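Descriptive analysis of the structure
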Amino acid sequence: LLAGASVATTALTLITAGTAQEYGTNLGLMVFVKFVQGAVTALIPPGLNSITQGIVGGDGMTRQVSDNEMRNHFGTAIIVLTGSLTAFFMYPDIGLLFVVSPIACAGVLIFLSRIKPEDIDHDAARGLTAEYNLTGEDGTASLGDIVKDIDNDDSDKRAVSALSLLSDRTLLTFTIIVFLFHTSNGTVLPLVMQTLAIGEGRLGILMSGLCIIVAQVFMVGSAKICGDYSGLYGRKTLFLVGLFSVPLRCLILVFLTAIKNGMDETSMFLQVVILSTQILDGVGAGIFGTMYILVTSDVSAGTGRFSLTLGVTTAAMSIGGTVSGYLGQALAQDLG
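Residues numbered from 1 in each chain as written. Predicted model: local features only at pLDDT ≥ 70, side-chain atom pairs only at ≥ 80, totals over all residues. Heavy atoms only, no water.

1. Quick look at the overall build of the protein
What counts is decided by this rule: Put simply, DSSP H or I for four residues or longer makes a helix, DSSP E for two residues or longer makes a strand, and each gets a number counted from the N terminus. Based on C-alpha atoms, the radius of gyration is set beside the globule rule, defined as 2.2 Å times the residue count to the power 0.38. Burial classes: relative accessible area under 20% of the type maximum marks a residue as buried, over 50% as exposed, and values in between as partly exposed (1.4 Å probe, protein chains only). Any two residues having at least one pair of non-hydrogen atoms within 4.5 Å are treated as being in contact. The Shrake-Rupley method, run with a 1.4 Å probe sphere, supplies the accessible areas, and residue values consider only the shown protein chains as cover. When charges are counted, Lys and Arg contribute as positive and Asp and Glu as negative, whereas His and the chain ends are disregarded. Here the site of a charge means atom NZ of a Lys, CZ of an Arg, CG of an Asp or CD of a Glu.
If you tally the helices and strands in the protein, you get 14 helices and zero strands. Taken from N to C terminus, the helices and strands of the protein fall in the order α-α-α-α-α-α-α-α-α-α-α-α-α-α. Over its C-alpha atoms the protein spans a radius of gyration of 22 Å, differing by no more than 12% from the 20 Å that the globule rule assigns to 336 residues. Taken along the three principal axes of its C-alpha coordinates, the protein extends 75 × 40 × 35 Å. Scored against the burial criterion, the 336 residues of the protein give a buried share of 38%. Here the contacts in the protein between residues at least 6 apart in sequence split such that 78% fall between residues at least 24 apart. With the model as given, the accessible surface of the protein reaches about 18000 Å², and the carbon-plus-sulfur share is 67%. When the 17 basic and 26 acidic side-chain charges of the protein are each reduced to a single mean position, those positions are 3 Å apart.

2. Brief notes about the pattern of salt bridges
So the rule is basically this: Whenever a carboxyl oxygen of Asp or Glu lies within 4 Å of a side-chain nitrogen of Lys or Arg, that contact is scored as a salt bridge.
As enumerated under the stated definition, the model contains five salt bridges in all. One salt bridge in this structure joins D228 and R63, with 2.7 Å as the shortest N-O distance. Of the two residues, D228 sits in helix α10 (residues 201-233) while R63 sits in helix α4 (residues 61-90), which places them 165 residues apart along the sequence. Owing to a relative accessible area of 29%, D228 belongs among the partly exposed residues under this scheme. When its relative accessible area of 49% is taken as the criterion, R63 is described as partly exposed. Two residues, K224 and D228, come together in a salt bridge whose shortest N-O distance is 3.5 Å. Here the residue K224 and the residue D228 both occupy positions in helix α10, the gap between them amounting to four residues, near one helical turn. The network of salt bridges with shared partners includes R63, K224 and D228.

3. Remarks on the nonpolar core
Applicable threshold: Residue types Ala, Val, Leu, Ile, Met, Phe, Trp, Tyr and Cys, when buried and joined through side-chain atoms within 4.5 Å, form a set referred to as a nonpolar core.
Counting 24 residues, the largest nonpolar core has M61, F174, V178, F239, F288, M291 and Y292 as its most contacted members. Of all the secondary structure elements, the ones that give two or more residues to this core are α4, α8 (169-185), α11 (235-261), α13 (278-300) and α14 (306-335). Top element by residues in this core is α13. It accounts for eight residues. Among all residues touching F239, those that are not within four sequence positions of it are F174, I287, F288, M291, Y292 and V295.

4. Overview of the packing of helix α9 (residues 188-197) against helix α12 (residues 268-276)
Working note: a packed helix pair is described by the angle between its axes plus the distance between those axes. Note the threshold: Simply put, an axis is a line fit to the C-alpha atoms, just over the touching stretch for a helix, and the angle between two N-to-C directions goes from 0 to 180 degrees. Angle categories are assigned with fixed cut-offs, so that under 35 degrees is roughly parallel, over 145 is roughly antiparallel, 65 to 115 is roughly perpendicular, and the rest are oblique. Side-chain classes are defined by residue name, with Ala, Val, Leu, Ile, Met, Phe, Trp, Tyr, Cys and Pro counting as nonpolar, Asp, Glu, Lys and Arg as charged, and the others, Gly among them, as polar.
Relative to each other, α9 and α12 sit at 170°, their axes nearing to 10 Å. Taken together, α9 and α12 sit at an angle that is classed as roughly antiparallel. Only Q271, I274 and L275 of α12 make contact with α9, whose side of the interface consists of V192, T195 and L196. For the contact of α9 with α12, a count of residues per class yields four nonpolar, two polar and no charged.

5. With respect to the environment of T314
The line we're drawing: N or O atoms within 3.5 Å of each other form a polar contact, as long as, within protein, one can give a hydrogen and the other can take it, and as long as residues adjacent in sequence are counted only when both atoms are side-chain atoms.
Along the chain, T314 turns up in helix α14. The sequence separation of T314 and D168 amounts to 146 residues, and the corresponding C-alpha distance is 17 Å. Look past the residues within four positions of T314 in its chain and what remains in contact with it is A42, P45 and Y292. Polar contacts involving the side chain of T314 include one to the side chain of Y292, which spans 3.1 Å.

6. Some thoughts on the packing of aromatic side chains
For clarity, the threshold we go by: Put simply, two rings from Phe, Tyr or Trp (the six-membered ring, in Trp's case) pair if the centres are within 6.5 Å, and we call them stacked under 30 degrees between planes, edge-to-face over 60, tilted for the rest.
Tallied over the entire structure, the rule returns five aromatic pairs. Seen in terms of ring centroids, F181 and F288 are 4.2 Å apart; in terms of plane orientation they differ by 5°. Their pairing is stacked. With F181 in helix α8 and F288 in helix α13, this pair connects stretches of sequence that are 107 residues apart. Of the two residues examined, F181 and F288, each falls in the buried class.

7. Overview of the state of the cysteines
Two cysteines, two sulfur atoms, one covalent bond between them: this is a disulfide. Selection criterion: In this description, the term disulfide denotes a pair of cysteine sulfurs within 2.5 Å.
Following the criterion strictly, the structure yields zero disulfides and no others. For C211, which is in no disulfide, the shortest distance to another cysteine sulfur is to C250 and amounts to 14 Å. Free cysteine: C226, not disulfide-bonded; nearest cysteine sulfur from C250 at 20 Å. For C226, a relative accessible area of 0% gives the class buried.

8. Considering helix α3 (residues 44-56)
Note the threshold: Take the number of residues in a helix, subtract one, and multiply by 1.5 Å to get its expected span.
Spanning 13 residues, α3 covers 18 Å between terminal C-alpha atoms, matching the ideal 18 Å at 1.5 Å per step. Turning to α3, its buried residues are P45, P46, G47, N49, S50, T52, Q53 and G54. Downstream of α3 by a residue or two, G57 has a phi angle that is positive, lying close to 80°.

Okay, structure coming up:
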């Protein structure tokens, strides 16, 4: 499933590159392709993290998810840097940069093939342990009150029903938090990239790439901190740091863009200062990207529904990003 999703999203990226037309004359086709690509890409986080949990178990998830996210962000930074430099030196003929996508996909397939089926504990991958009770003292579903029968090794292992899982208040609350975070944060990066890129030619392309690179580099550090300190200070403390970085970043950007709009020509110094706000994106999204996986693993522990739970939270993340993109771009167009 993970390999198929990787190949499909790569193919859809190449289709986008090969069929996109100037001035958006085939915008409908592009929207449809990206819609399908989004649906396919959504399969990757549950698949990847289920394999991870199946290999290291629940106890090893904090350290391994942190390590996975560090490598993810570092790899993204390298790929974007490669693409940005390619586009900068080949501008305006930038079609070659899309070759990065199939190269990265080949790497995914090679390393997936090195994972042996016997290396994965499928019960651990699902977050399934043993017998449990999904009913709290007040008679309502509460994943936090799961009781595991660790003394009965012969007990049947059964997953909770999807309805019981989806009615859990803790999961519902966390899902809303995930949605709201990405609704507030999703559109900020595209707007920053547009602010730095419009009217700047090849330099604009490079600055757009640097927006991603700066954030991804700091996300490596954020993921490391989550792995080292979430067990010490708790998930909530680090999560709050990530959440509060978003309004702080937006407040700074409001001030900087007001200065930029009042200038006839934007100085390089101001562009660099605007670019530096991506450090806060590295803090916020970096912490969030690691912690939402770990909290989802905590919430679903013992239910046998880790993949479903992560699918729910990932869907909330994607929907929030979609709503954010539309609202942010609409407000920017209408209000400036």
